Amino acid sequence: MSDNQHNGNWWIWKVFWILLGLTTFEVLLGMFKPEFLVNTIFLGTKLLNHIFIILTLIKAGYIVLTFMHLGFEKKSLKWTILLPAFVLVPYLLFIILSEGVHVYSIL
Amino acid sequence: MSETATYGKAWEGGDKPYEASYGKLMMWFFLITDTLTFSAFLAAYGFSRFKFQDVWPVAEEVFTHFPFLHGEHPLLFVALMTFILIMSSVTMVLAVNFGHKMQKDKVILWLSLTIIGGILFLASQAWEWSHFIHGLDGVPATLISNPYGHPLFADYFFFITGFHGFHVFSGVVLLIIILINTIKDTYEKRGHYEMVEKVGLYWHFVDLVWVFVFTFFYLV
């Protein structure tokens, strides 16, 4: 545990404003749906969806690394927690989603 | 001992490679399994959505209402729910932070606010559910019927947000228990507030899951 993390609360509010800002940005994008982002298809889905997913992953990173303190744990603990998710979740998504696309194409 | 020291350097934490207490480690292990569970749910949702992409409802055309406001307000209510949960995550970090400093009164204050946030979120979800169940033009949304599109959409909605909501509910129960313990001086006598930290991990995880549910149910 790094001690300067516990002196003062400014870093908590900093992360809060980042999370709030990113969420507001997502909601605004979802409400107004800029035509360019909706009509540009990249890797099988709208560019807008890629932006949503990237912003979500950034938010998740902030929550896990600062709020859950994982960024300040020992490296061994950090990677024990993160690696299973990094390996298994994309694997699962790849298999199940490509199967979904295939099932749609033969229906 | 010098051998331990060399070994310890490689692992950073010495002969305790993780340098984390048993309880905290077990909470993390539980959260890994829960991460995989929720990933599987959302992946299954994605499967059905790709499979039935022609008849899949657009979430923002389904959830367009806001309490006491007339007209269509897509995303507004769910944005409020997201805000409530992020806010309760912040109050939780503050409670953990003051726990490290052994400031009992402030821990009580911020824990109480976190509990209020959790209850507000659950109430919002109840409103969202009842509105969805009420349906469209007299046709209710249930597990076998869905006036907005494919019935599976309703199934996934009830199952995933329900499972998440149950996590929030369990979190509120845990928070109330540690609030009572804090008031009863249990952690003062123990000399540390690590239990607040462990429940905090769980509470942030609930927020983390909501971030993904929000994206994949309402935005994408």
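Residues numbered from 1 in each chain as written. Chains lettered and ligands numbered in written order. Predicted model: local features only at pLDDT ≥ 70, side-chain atom pairs only at ≥ 80, totals over all residues.

**Examining the overall build of chain A**
Scanning chain A from N- to C-terminus turns up four helices and two strands. Listed by position from the N terminus, the elements making up chain A come as α-α-β-β-α-α. Here chain A has a C-alpha radius of gyration of 18 Å; the compact-globule value for 107 residues is 13 Å, and the former is much larger. Referenced to the eigenvectors of the C-alpha coordinate spread, the extents of chain A come out at roughly 60 × 35 × 15 Å. (Helix = DSSP H or I, 4+ residues; strand = E, 2+ residues; numbered from the N terminus. Rg over C-alpha atoms; globule rule 2.2 N^0.38 Å.)

**Observations concerning the confidence of the model for chain A**
Taken residue by residue, chain A gives an average pLDDT of 89. The fraction at 70 or more is 93%. By mean pLDDT, strand S1 (residues 41-42) of chain A is the weakest element of chain A at 84, and helix H3 (residues 47-67) of chain A is the strongest at 95. (pLDDT = per-residue confidence, 0-100.)

**Things to note about the packing of helix H2 (residues 22-51) of chain B against helix H6 (residues 151-183) of chain B**
All names here are of chain B. The geometry of H2 relative to H6 is characterised by a closest axis approach of 11 Å and an angle of 170° between their N-to-C directions. Between H2 and H6, the angle is such that the two are roughly antiparallel. Between H2 and H6, the contacting residues are Phe41, Tyr45 and Ser48 on the first element and Leu152, Tyr156, Ile160 and Phe163 on the second. Grouping the amino acids of the contact of H2 with H6 by side-chain chemistry returns six nonpolar, one polar and no charged. (Axes fitted to C-alpha atoms, helices over the stretch in contact; angles between N-to-C directions. Parallel < 35°, antiparallel > 145°, perpendicular 65-115°, else oblique. Contact = placed C-beta atoms within 7 Å. Nonpolar A, V, L, I, M, F, W, Y, C, P; charged D, E, K, R; others polar.)

**Structural notes on the interface of chain A and chain B**
Across the boundary between the two partners, chain A contributes 40 residues, which contact 41 residues of chain B. Here the element with the most residues in the side of chain A that touches chain B is helix H4 (residues 75-106) of chain A; it accounts for 17 residues. Along the lines of polarity and charge, the residues of the side of chain A that touches chain B split into 26 nonpolar, eight polar and six charged.

**Some words on the environment of B:Ser21**
Its place among the elements puts B:Ser21 in the loop between helix H1 (2-11) and H2. With 173 residues separating them along the chain, B:Ser21 and B:Glu194 place their C-alpha atoms 9.2 Å apart.

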